[in-house]
4 protein chains.
Amino acid sequence: MPILGQNQYGKAENRVVRVTRDGATHHIKDLNVSVSLSGDMDEVHYSGSNANVLPTDTTKNTVYAFAKEHGIESAEQFGIHLARHFVTSQEPIHRARVRVEEYAWERIENSGEGAHSFVRKGQETRLAQITYDGEKWEIVSGLKDLVVMNSTNSEFWGYVKDKYTTLPEAYDRILATEVSGRWRFNWTDDEQQMPDWETSYEQVKKHMLQAFAETYSLSLQQTLYAMGARIVDHRDEIDEIRFSLPNKHHFLVDLESFGLKNDNEVYFAADRPYGLIEATVLRDGCEARIPVDLSNL
Amino acid sequence: MPILGQNQYGKAENRVVRVTRDGATHHIKDLNVSVSLSGDMDEVHYSGSNANVLPTDTTKNTVYAFAKEHGIESAEQFGIHLARHFVTSQEPIHRARVRVEEYAWERIENSGEGAHSFVRKGQETRLAQITYDGEKWEIVSGLKDLVVMNSTNSEFWGYVKDKYTTLPEAYDRILATEVSGRWRFNWTDDEQQMPDWETSYEQVKKHMLQAFAETYSLSLQQTLYAMGARIVDHRDEIDEIRFSLPNKHHFLVDLESFGLKNDNEVYFAADRPYGLIEATVLRDGCEARIPVDLSNL
Amino acid sequence: MPILGQNQYGKAENRVVRVTRDGATHHIKDLNVSVSLSGDMDEVHYSGSNANVLPTDTTKNTVYAFAKEHGIESAEQFGIHLARHFVTSQEPIHRARVRVEEYAWERIENSGEGAHSFVRKGQETRLAQITYDGEKWEIVSGLKDLVVMNSTNSEFWGYVKDKYTTLPEAYDRILATEVSGRWRFNWTDDEQQMPDWETSYEQVKKHMLQAFAETYSLSLQQTLYAMGARIVDHRDEIDEIRFSLPNKHHFLVDLESFGLKNDNEVYFAADRPYGLIEATVLRDGCEARIPVDLSNL
Amino acid sequence: MPILGQNQYGKAENRVVRVTRDGATHHIKDLNVSVSLSGDMDEVHYSGSNANVLPTDTTKNTVYAFAKEHGIESAEQFGIHLARHFVTSQEPIHRARVRVEEYAWERIENSGEGAHSFVRKGQETRLAQITYDGEKWEIVSGLKDLVVMNSTNSEFWGYVKDKYTTLPEAYDRILATEVSGRWRFNWTDDEQQMPDWETSYEQVKKHMLQAFAETYSLSLQQTLYAMGARIVDHRDEIDEIRFSLPNKHHFLVDLESFGLKNDNEVYFAADRPYGLIEATVLRDGCEARIPVDLSNL
């Protein structure tokens, strides 16, 4: 008889918006929360018995109830509340993984009373993944959809040439990518001092952008490593970071047929195919735990 | 024999990035340009004769060549150069319509020399549509993907109730929408003074956001009108504006079953279905010309 | 004071699935229904008074109630029930437009009893738009997302060459497009015999595909006209059809650098930019009423 | 100094269409091919030296050249040619992973000569992942986007109830999901007889659909296991299969307020949130190797 392997279940993409009022000044948190539970779940697969199954509808309800009961201080802290709850309150559940997407908003200035008007920032999507097995925590934060470009200070030459190589070497090119990154914290235990998740996120993003901007690049791999290394060097709370960086090619358009010289001025921004550069950067002595393929959620 | 009606053709979604160098400081314009031409084109439809057809590949080449020859001062100005070229240089082409999407970037601070590092802003997508028939111009600018929210100062009550009505009245709700707007300029003629397209866009966006924020709303229709009216009142160069505003419903979650009171704190952000509110606001005495269904490009 | 122009409102994208049981054999209809109402709606815009406003939530409820009360014989017939209801039951509503997307399913063979298992067909999305002003009907049906390809019998040459033209002429190319089409029926009045909407749709699709397949093409415009003309010629119930046909370019890859001859065998399927060919074909003597820009819904 | 961990690079999403002519009858294969290479790549990350880097542009060229040189018999066979080439021809490359999406087409009947007209089938997207380290092969095939529905023969009851549980038990519900599945072959060595990849795919899809249709379901987990077990039982070439099955909720609409009885006839098809059920099914004695999170490509 075929055997059941790893399995997990839960409610995905619970969209929760939490408003907090400080008098007439409102604050909002806007999250997309996905819960995955695993444990003693063989029977529901083999026979359809739901005796150990907390319904996914209940995990959804819990997300909304906890937004009231605990508030949403940060995506990570909210996920910690949820993951702890499922593992400690349901005996058959041995492990909970909570994934969160967060959408940032900024205030619209308003000549009236109060501060309750917002416009979605729209830049990157912030990510958090919280995993708990009843003993240890694994917190992986991240972001996606952050599009960056250097319009100079990038070269690409000195590479291997085989019979299928036609690419000319480049000594001044655009380097652009859409950053998808995940970073793992060394906070794993309730006994440890918890990081300040909000500050950490802002600092990681800042270092990532600055390393991208300041690296004179001979390859996108070099830039990737510089981004990761700078984060590991500046943020003690982080031991590992993985990036997936599509090389968003900007091809210099050949205008010579029209009697025009294109002095690194006019580019065609291509869609597909694209180079795809992926790598992990680790604090020396630490083990890699972020999967090779970054999940989209 | 079936008859040919309105027809147009061209190259859509030409992605052009233009870098301008002011010493070590770079500026970028990032556009998606679509060209539609029409005129004396019966034969290509009836018999396949391409004798009057400038290839769409040529319209693409022209976009890139003009990015070099004219630069990209603004989406509108760039479209004007293109539309004029096609109508005046090709006898069979009687009308050109150029549509532009523009993606905004902001600078990444950089401790090194020069300023050539950018991060995509990611908020709204700016739009421009330039139409020329050899005599008159029609310029419609716009935006899409601008998501806004008021966390209070919105009510909805006093509506018609029929046998299918179950909605309870609301005296304090979230009002959120994803703004899609198009506005038409009264500049139509080369003899007129051309508006400052960049300033106009920034001002329209500012007024739109402020009207959204400052309107105490009894219906999304009222907010829509307030947004449009404020633009018409403050921007003399604009005669007409049309909005398509999906009501991004945020439903207050019922937490009573869990013994919790939800005092306008926890919301479910719904996807579908959504209310959809669409209307045109006009300067008194002006004619409506923007189509009822806003095009997505 | 700025003036209110055309306006409409309603609930968009109501996803309704209707199961009909013929003993153990089930039938399903899977629709996405959007309702837009207009009429005497000035006050809700100017002052926020909802006295004339049937809530969009009610239009949603009506969609589901009518799926029970009337069943869903076809997208068109269902839309007719809805549009008639809103215009005739609410005095302030003078015009209703119902748009429907329909997703086709096919049966999964099943060794057990009954026939209740389905797999989504996934090919085109069927469309219907029903408009009623209390007197006349306008029915526009359509489809989108139908991707077709001829691997030969397409040429492109004899076109205009200007200073920006670099495209070589082609005497045997792939012709591929993603068909978006809308066709208008000459049924406008309850007194007329109503078309068989389901048969009509199947026949239009069949003629569209055959005309695409059988036309030896000198331009995509010629193919478009052939597709439209064949429908007008074969389907008496249709007076007008408009197509928007992106030219999904398949570029022959240059393999000569690798010592290989590419005899129309290996193609690069490009994303952007793409040629975009749009035109209306009319029954002789009929008026064009389908807008130039096809709506996506 | 921060340490480099797992890394890989290559060209993603090479869109290749291969036409094969059997006289006037054409056959097409339509693929999206992504190549990831890894090996001795530390220097390109640490110093930017490209001395070991075969450009991603070259991997793209190789895809197109191989489509000519080897043809495309199947996605799997094509990936095997590519992976073997990169690992055996480039000393620094120790491992190649090729991912393929395949889009199916069916013929359009054509009254003319020849058979060269196609319409995209549009149902599922077929997937293949080929990994080679110079010694062993790992072939994982799969599919995504396959939407299925049973309109009866599904129940859900007998589950855990905690303080956040409000879901009523269901004794006759719609069960619908969008299947994403990956299955691993036990072919790992050039010495073994290679499976018939095309036949295997068709048979796996057939068994998957039939198991879905024939399982009287007490939970989506049970249906998942039945689908996987049937494939393992019927297809000797497959040792492991993993599914990710979103529960596409169809909620019975409450029509009682309108005096209507909804006897499992009218459903609201919801978008988010959704239950997400994921599990691996293994041949007894075999090891699980497919990652917990299925990659989207």
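Residues numbered from 1 in each chain as written. Chains lettered and ligands numbered in written order. Predicted model: local features only at pLDDT ≥ 70, side-chain atom pairs only at ≥ 80, totals over all residues. Heavy atoms only, no water.

### Description of the overall build of chain A
When its secondary structure is counted, chain A shows 5 helices and 13 strands. Considered along the principal axes of its C-alpha atoms, chain A spans approximately 75 × 65 × 35 Å. Sequence-distant contacts in chain A: of pairs separated by 6 or more residues, those separated by 24 or more amount to 67%. About 10,700 Å² of surface is accessible on chain A, with carbon and sulfur atoms providing 45% of the total. For chain A, the separation between the mean place of its 32 positive charges and that of its 47 negative charges on side chains is 3 Å. (Helix = DSSP H or I, 4+ residues; strand = E, 2+ residues; numbered from the N terminus. Contact = heavy atoms within 4.5 Å. Areas by Shrake-Rupley, 256 points an atom, 1.4 Å probe, with all protein chains shown as cover. Lys, Arg positive; Asp, Glu negative; His and termini not counted. Charge placed at Lys NZ, Arg CZ, Asp CG, Glu CD.)

### Regarding unusual backbone geometry
With an omega dihedral of -10°, the bond running from Arg 272 of chain C to Pro 273 of chain C counts as a cis peptide bond. With respect to the element layout, Pro 273 of chain C can be found in the loop between strand 12 (266-269) and strand 13 (274-282). The phi angle at Asn 264 of chain B is positive, at roughly 55°, despite the residue not being glycine. Its place among the elements puts Asn 264 of chain B in the loop between strand 11 (250-252) and strand 12 (266-269).

### Focus: the interface of chain B and chain D
One frequent convention defines the size of an interface as the accessible area lost when the parts assemble. Facing the 9 residues of chain B at the interface are 9 residues of chain D. Interface area, chain B with chain D, both sides summed: about 830 Å², of which 57% is carbon and sulfur. Contact with chain D buries surface across chain B, with Phe 258, Asp 271 and Arg 272 of chain B losing the most and accounting together for 54% of the total. At the junction of chain B with chain D, the criterion picks out 2 salt bridges. A salt bridge links Asp 271 of chain D to Arg 272 of chain B; its shortest N-O distance comes to 2.8 Å. At the boundary of chain B with chain D, the tally comes to 2 residue pairs in polar contact (both at pLDDT 80 or more). (Buried area = accessible area lost by both parts, 1.4 Å probe. Salt bridge = Lys/Arg side-chain N within 4 Å of Asp/Glu carboxyl O. Polar contact = N/O pair within 3.5 Å; in protein donor to acceptor, adjacent residues only side chain to side chain.)

### Digging into helix 2 (residues 56-69) of chain D
Compared with the 20 Å implied by 1.5 Å per residue over 14 residues, the 20 Å span of helix 2 of chain D between its first and last C-alpha is a close match. For helix 2 of chain D, the buried fraction is high: 11 of the 14 residues fall into the buried class. Taken residue by residue, helix 2 of chain D has Thr 56, Asp 57, Thr 58, Thr 59, Asn 61, Thr 62, Val 63, Tyr 64, Ala 65, Phe 66 and Ala 67 of chain D as its buried positions. Against strand 13 (274-282) of chain A, strand 12 of chain C together with strand 1 (3-12), strand 2 (14-22), strand 3 (25-39) and helix 3 (75-89) of chain D lie the buried residues of helix 2 of chain D. (Expected span 1.5 Å × (residues − 1). Buried < 20%, exposed > 50% of the residue type's maximum accessible area, 1.4 Å probe, protein only.)

### Here we look at the relation of the copies chain B and chain D
Overlaying chain B on chain D yields an RMSD of 0.0 Å, the required transformation being a rotation through 180° with an accompanying axial translation of 0.0 Å. A rotation of that kind, with that shift, is consistent with a two-fold axis. No C-alpha of chain B lies nearer the rotation axis than that of Asp 271 of chain B, which sits 3.5 Å from it. (Least-squares fit on C-alpha atoms with pLDDT ≥ 70 in both.)

### A look at the side chain of Arg 173 of chain C
Residue and element names in this part refer to chain C. In this fold, Arg 173 is placed in the loop between strand 8 (137-150) and strand 9 (175-185). Of the side chains with opposite charge, Asp 172 comes closest to the buried, unpaired Arg 173, at an N-O distance of 8.4 Å. Sequence-distant contacts of Arg 173, defined by excluding residues within four places in its chain, comprise Asn 150, Ser 151, Thr 152, Ser 154, Glu 155, Phe 156, Ser 219, Leu 220 and Asn 247.

### As for helix 5 (residues 220-234) of chain B
An ideal rise of 1.5 Å per residue puts 21 Å on 15 residues; helix 5 of chain B measures up with 21 Å between its terminal C-alpha atoms. Buried residues in helix 5 of chain B make contact with strand 9 (175-185), helix 4 (197-214), strand 10 (238-247) and strand 13 (274-282) of chain B together with strand 1 (3-12) and helix 1 (42-46) of chain C.

### A few points about the pattern of salt bridges
Scanning the entire structure with this criterion turns up 96 salt bridges over all chains. Residues Lys 205 of chain C and Glu 124 of chain C are paired through a salt bridge, measuring 2.9 Å at the closest nitrogen-oxygen approach. Within this pair, whereas Lys 205 of chain C is found in helix 4 (residues 197-214), its partner Glu 124 of chain C is found in the loop between strand 6 (117-120) and strand 7 (125-132), the two being separated by 81 residues in sequence. Within this structure, Lys 29, Glu 76, Glu 102, Arg 126 and Glu 198 of chain A form a network of salt bridges that share partners.

### Thoughts on a negative patch on the surface
Residue and element names in this part refer to chain A. A contiguous patch of negative charge on the surface is contributed by Asp 40, Asp 42, Glu 43 and Glu 91. Tracing the chain through its elements places Asp 42 in helix 1 (residues 42-46). According to the relative accessible area criterion, Asp 42 is partly exposed, its value standing at 37%. (Patch = residues over 30% accessible without salt bridge, like charges linked within 9 Å, V, L, I, M, F, W, Y side chains within 5 Å.)

### Some remarks on the packing of aromatic side chains
Scanning all chains against the criterion turns up 44 aromatic pairs over all chains. A connected cluster of aromatic rings, assembled from ring pairs, spans Tyr 132, Trp 137, Phe 185, Trp 187 and Trp 197 of chain A. If you follow Arg 84 of chain B out to its NZ or CZ, it ends over the ring of Tyr 132 of chain B, 6.0 Å from the centre. (Phe/Tyr/Trp six-rings, centres within 6.5 Å; stacked < 30°, edge-to-face > 60°. Lys NZ or Arg CZ within 6 Å of the ring centre and 35° of its normal.)

### Focus on the interface of chain D and chain A
Counting residues at the interface gives 78 residues for chain D, matched by 77 residues for chain A. Of the roughly 6,500 Å² buried between chain D and chain A, counting both surfaces, carbon and sulfur atoms make up 53%. Of all residues in chain D, Pro 2, Tyr 164 and Tyr 225 of chain D give up the largest surface area on contact with chain A, accounting jointly for 11% of the area buried on that side. With a shortest N-O distance of 3.2 Å, Arg 97 of chain A and Asp 293 of chain D are connected by a salt bridge.

### Examining the side chain of His 207 of chain A
Residues and elements named next belong to chain A. Counting through the fold element by element, His 207 comes out in helix 4 (residues 197-214). Among the residues examined, His 207 registers a relative accessible area of 6% and is labelled buried. When sequence neighbours within four positions are dropped, the list of residues in contact with His 207 reads Arg 230, Ile 231, His 234 and Arg 235.

### Structural notes on the pairing of strand 8 (residues 137-150) of chain B
Extensive coverage of strand 8 of chain B is indicated by the burial of 13 of its 14 residues. One ladder, built from 3 bridges, connects strand 6 (residues 117-120) of chain A with strand 8 of chain B; its direction is antiparallel. Considered in strand 8 of chain B, the bridge of Ser 117 of chain A is made with Asn 150 of chain B. As judged from the 8 bridges shared by strand 7 (residues 125-132) of chain B and strand 8 of chain B, these two strands associate in the antiparallel manner. In the strand pairing of strand 8 of chain B, Arg 126 of chain B is matched with Leu 143 of chain B. Once strand 7 of chain B ends, the chain turns through 4 residues before running back antiparallel as strand 8 of chain B, passing Gly 134 of chain B with a positive phi of about 95°. Pairing of strand 8 of chain B with strand 9 of chain B, which is carried by 9 bridges, proceeds in the antiparallel orientation. (Pairing = 2+ DSSP bridges.)

### Digging into the pairing of strand 7 (residues 125-132) of chain D
Note on strand geometry: in a regular strand, side chains alternate between the two faces of the sheet. All names here are of chain D. Of all 8 residues in strand 7, 8 are buried, a share of seventy percent or more. Alternating residues of strand 7 divide into Thr 125, Leu 127, Gln 129 and Thr 131 and Arg 126, Ala 128, Ile 130 and Tyr 132, and every residue in both groups is buried. One ladder, built from 7 bridges, connects strand 4 (residues 93-102) with strand 7; its direction is antiparallel. Counted as the bridge partner of Glu 102 is Arg 126 from strand 7.

### Overview of the confidence of the model for chain A
In this model, chain A carries an average pLDDT of 97, and 100% of its residues clear a pLDDT of 70 or more. Here the predicted complex carries an ipTM of 0.97, next to a pTM of 0.98. (pLDDT = per-residue confidence, 0-100.)

### Observations concerning the packing of helix 2 (residues 56-69) of chain A against helix 3 (residues 75-89) of chain A
Residue and element names in this part refer to chain A. Two elements in contact, helix 2 and helix 3, have axes whose closest approach is 11 Å; the angle formed by their N-to-C orientations is 130°. The orientation of helix 2 with respect to helix 3, classified from their angle, is oblique. The handedness of the crossing between helix 2 and helix 3 comes out as right-handed. Each of Thr 59, Thr 62, Val 63, Phe 66 and Ala 67 in helix 2 lies in contact with helix 3, whose residues at this interface are Phe 78, His 81, Leu 82, His 85 and Phe 86. Residues that form the contact of helix 2 with helix 3 fall into these classes: 6 nonpolar, 4 polar and no charged. (Axes fitted to C-alpha atoms, helices over the stretch in contact; angles between N-to-C directions. Parallel < 35°, antiparallel > 145°, perpendicular 65-115°, else oblique. Left-handed = near helix turned anticlockwise from the far one by under 90°. Nonpolar A, V, L, I, M, F, W, Y, C, P; charged D, E, K, R; others polar.)

### Some thoughts on the environment of Gly 285 of chain D
Residue and element names in this part refer to chain D. Assignment of secondary structure puts Gly 285 in the segment after strand 13 (274-282). By relative accessible area, Gly 285 is classed as exposed at 77%. In this structure the C-alpha to C-alpha distance between Gly 285 and Val 19, which are 266 residues apart in sequence, comes to 42 Å.

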